[in-house]
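If you want the building blocks of each chain, they are given just below.
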Amino acid sequence: MTRHDEGDMERTFAALPPAHGKGFAQTWWGQAWLTALEGTALDSKQLKTGRRLARAGAVGAVSVRPGRLTAVVQDRDRTAHRADVLLEALSPEQWDRFLDMTVERAGHVAALLDREMPPHLVEDAADAGVELLPGLGDLEPKCDCGAWDHCGHTAALCYQVARLLDQDPFVLLLMRGRAESSVLDDLQTRGGTSAAEASAPEGVDAAEAYAAGDILPPLPPLPELPVEPGLPPSLDTETPPAAGIDPAALEFLAARTSVQAHGLLREALQAGPHVELTSAQDAVRLAAGAPGREMTDRLAAGSGRGREGLATAVRAWRHGGPEALSVLDEEWQPQDETLARARAALDSAWDAGEWPELRARANRWTVVGAPVQLRLGRDGRWWPYRKERGRWQPAAGAAQDPATALASVAAPASAELPAGEGHSL
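Residues numbered from 1 in each chain as written. Predicted model: local features only at pLDDT ≥ 70, side-chain atom pairs only at ≥ 80, totals over all residues. Heavy atoms only, no water.

Colleague: When you look at the pairing of strand β9 (residues 372–376) in this model, what are you seeing that I'm missing?
Modeller: Two faces, one strand: in a regular strand the side chains alternate between the faces of the sheet. Taken across its five residues, β9 has five buried, putting it largely inside the fold. Burial of β9 is two-sided: the residues Val 372, Leu 374 and Leu 376 facing one way and the residues Gln 373 and Arg 375 facing the other way are all buried. Pairing between strand β8 (residues 364–367) and β9: three bridges, direction antiparallel. Opposite Trp 365, over in β9, you have Leu 374 as the bridge partner. The antiparallel pairing of β8 with β9 creates a hairpin that spans four residues between the two strands, and Gly 369 there sits at a positive phi of about 80°. The sheet contact formed by β9 and strand β10 (residues 382–388) spans five bridges and is antiparallel. Each bridged residue has a counterpart across the sheet, and for Leu 376 the counterpart in β10 is Trp 382. Turn length for the β9-β10 hairpin, with the two strands adjacent in sequence and antiparallel, is five residues, and the turn residue Gly 380 shows positive phi of about 90°. (Buried < 20%, exposed > 50% of the residue type's maximum accessible area, 1.4 Å probe, protein only. Helix = DSSP H or I, 4+ residues; strand = E, 2+ residues; numbered from the N terminus. Pairing = 2+ DSSP bridges.)

Colleague: Sorry if this is basic, but what is going on with the side chain of His 108 here?
Modeller: The topology assignment puts His 108 in helix α4 (residues 106–113). Sequence-distant contacts of His 108, defined by excluding residues within four places in its chain, comprise Met 101, Thr 102, His 120, Leu 121 and Asp 124. (Contact = heavy atoms within 4.5 Å.)

Colleague: Where do I start with the packing of aromatic side chains in this structure?
Modeller: Within a pair of aromatic rings, the relevant descriptors are the distance that separates the centres and the angle that separates the planes. By the definition in use, this model includes four aromatic pairs. Measuring from ring centre to ring centre gives 6.3 Å for Trp 28 and Trp 29, while their planes differ by 85°; the resulting arrangement is edge-to-face. On the basis of relative accessibility, which here comes to 32%, the residue Trp 28 falls in the partly exposed class. Given a relative accessible area of 7%, Trp 29 falls into the buried group. Ring geometry for Trp 365 against Trp 382: centres 5.3 Å apart, planes inclined by 65°, an arrangement best described as edge-to-face. Here the residue Trp 365 occupies a position in strand β8, and Trp 382 occupies one in strand β10, the gap between them amounting to 17 residues. Here the basic side chain of Arg 378 rests over the ring of Trp 332, its NZ or CZ set 4.4 Å away from the ring centre. (Phe/Tyr/Trp six-rings, centres within 6.5 Å; stacked < 30°, edge-to-face > 60°. Lys NZ or Arg CZ within 6 Å of the ring centre and 35° of its normal.)

Colleague: When you look at the nonpolar core in this model, what are you seeing that I'm missing?
Modeller: As a rule of thumb, nonpolar side chains are buried together in soluble globular proteins. Trp 33, Phe 98, Leu 132 and Met 175 are the most contacted members of the largest nonpolar core, which totals 59 residues. Per-element tally for this core: the top contributor is helix α6 (residues 152–167), with nine residues. Discounting chain neighbours no more than four positions away, the residues touching Trp 33 are Leu 69, Leu 87, Pro 134, Leu 139, Cys 158, Val 161, Ala 162, Leu 165 and Met 175. With 20 residues, the next largest nonpolar core counts Ala 342, Leu 346, Trp 365 and Leu 374 among its residues. (Core = buried A, V, L, I, M, F, W, Y, C linked by side-chain atoms within 4.5 Å.)

Colleague: Honestly, the packing of helix α13 (residues 293–303) against helix α14 (residues 306–329) in this entry has me stumped. Any pointers?
Modeller: When two helices pack together, their arrangement is given by the angle between their axes and by how far apart the axes lie. At a minimum axis separation of 8 Å, α13 and α14 run at an interaxial angle of 95°. In this view, α13 runs roughly perpendicular relative to α14, as classed from their interaxial angle. Residue-level inspection shows Arg 293, Thr 296, Asp 297, Leu 299, Ala 300 and Ser 303 of α13 in contact with α14, the latter providing Gly 306, Arg 307 and Leu 310. Looking at the contact of α13 with α14 residue by residue, the classes come out as three nonpolar, three polar and three charged. (Axes fitted to C-alpha atoms, helices over the stretch in contact; angles between N-to-C directions. Parallel < 35°, antiparallel > 145°, perpendicular 65-115°, else oblique. Nonpolar A, V, L, I, M, F, W, Y, C, P; charged D, E, K, R; others polar.)

Colleague: Please clarify how a nonpolar patch on the surface should be interpreted in this entry.
Modeller: Together, Leu 235, Ile 245, Leu 250, Phe 252 and Leu 253 make up a nonpolar patch on the protein surface, roughly 470 Å² of accessible area in all. As for its placement among the helices and strands, Phe 252 is situated in helix α11 (residues 247–271). (Patch = residues over 30% accessible without salt bridge, like charges linked within 9 Å, V, L, I, M, F, W, Y side chains within 5 Å. Areas by Shrake-Rupley, 256 points an atom, 1.4 Å probe, with all protein chains shown as cover. Salt bridge = Lys/Arg side-chain N within 4 Å of Asp/Glu carboxyl O.)

Colleague: Teacher, can you tell me more about the pattern of salt bridges here?
Modeller: Close approach of charged atoms lets side chains of opposite charge pair. Enumeration according to the criterion identifies 18 salt bridges in this entry. Measuring nitrogen to oxygen at the nearest pair gives 3.1 Å for the salt bridge that ties Arg 11 to Asp 168. You can see Arg 11 sitting in strand β2 (residues 11–13) and its partner Asp 168 sitting in the loop between α6 and α7 (170–175), a full 157 residues away along the chain. Here the two residues Arg 11 and Asp 168 agree in accessibility, since each one is buried. In this structure, Glu 180 engages Arg 115 in a salt bridge whose closest nitrogen and oxygen atoms are separated by 2.8 Å. In this pair, Glu 180 is assigned in helix α8 (residues 180–191) and Arg 115 in the loop between α4 and α5 (119–127), connecting sequence segments 65 residues apart. Exposure remark for Arg 115: the relative accessible area of 27% places this residue in the partly exposed category. Residues joined by salt bridges that share partners form a network here, namely Arg 11, Arg 115, Asp 168 and Glu 180.

Function-wise, these values are silent; they only describe arrangement.
In structure tokens, the structure reads:
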């Protein structure tokens, strides 16, 4: 979802979810973007760090404007850095040549309206003296971490932008100096055909649509809960704020709003579809509402968990409702295809040489030498646990990617190391 006003020269893209081990660019132009990054960066370790951060969802909202990309990127220790990547905008003369070339070829206009960038469009632009895609050295990094070359933060931003480019090549045109509305208006003016008319879908009869209501496909599944609240876009730009506007105060309010929205989404997802709870599960649900000591004692006794066990169950409930409670209580042995998928997910979650050493028992994988553990739910999601005072405690909500789940666990120094947790994978 983006904020995009007509004629606006800046678009802000909400933070994307973790990449779950998939490649960052599926289109050829997205891959060309990454080639410009990876062929320029001098330190391959920084590229690996950038991939890891982007894959873990550490890149906040991305602001795109002519000549500049900006985002706040979080390190593993949650330290936030503002990262910028600069790309030279096209000159007015270059834009004229590009638009004249494009409007002469109807296929180019149709491709752009379909959010595609065919190779021949880029080749024809190059023949006209306009290089749309960046080349080696064209992506200039700037980061407040002090690095002079691409660091993990600017690399993570570039990897995230490759995913945005896959969805919409107009992002590249905005970086090169023109907003989507401006490009389409210019094409209309030069070609005499309304871009809106060219892209308008055919109408659907209202009576037919209503009659088909009972055969419509089911609603899509509920979205996953992000590991943590998203990062608001950086307001630290070269443009001075308008009179009476305090950017620091706005950033603070945006961050607090993000936290509140994350909490509301968590509550909504935990409610989910109606599920009949057992008496023991309902006792945990009631205890999660902090009913007071006397009632908590009664719920602890009635559920058979005791006070300490109930406290652990409440932590699980707050991370994921009945599903999280089942992961806490149930130990089961993945078989055949389920086990193969779990092992494949673990193998692809980290770059070569960065895999943690894991010991497996049933549906639980424990990190060797650290008090942290991953538990596989029956729905294929991974739940992070941390050992505290001799008991495994739920540490965060579930994630589809085991690396993302493991990264959400910040083990305290006083936590105990696990001992004898099964065998190695």
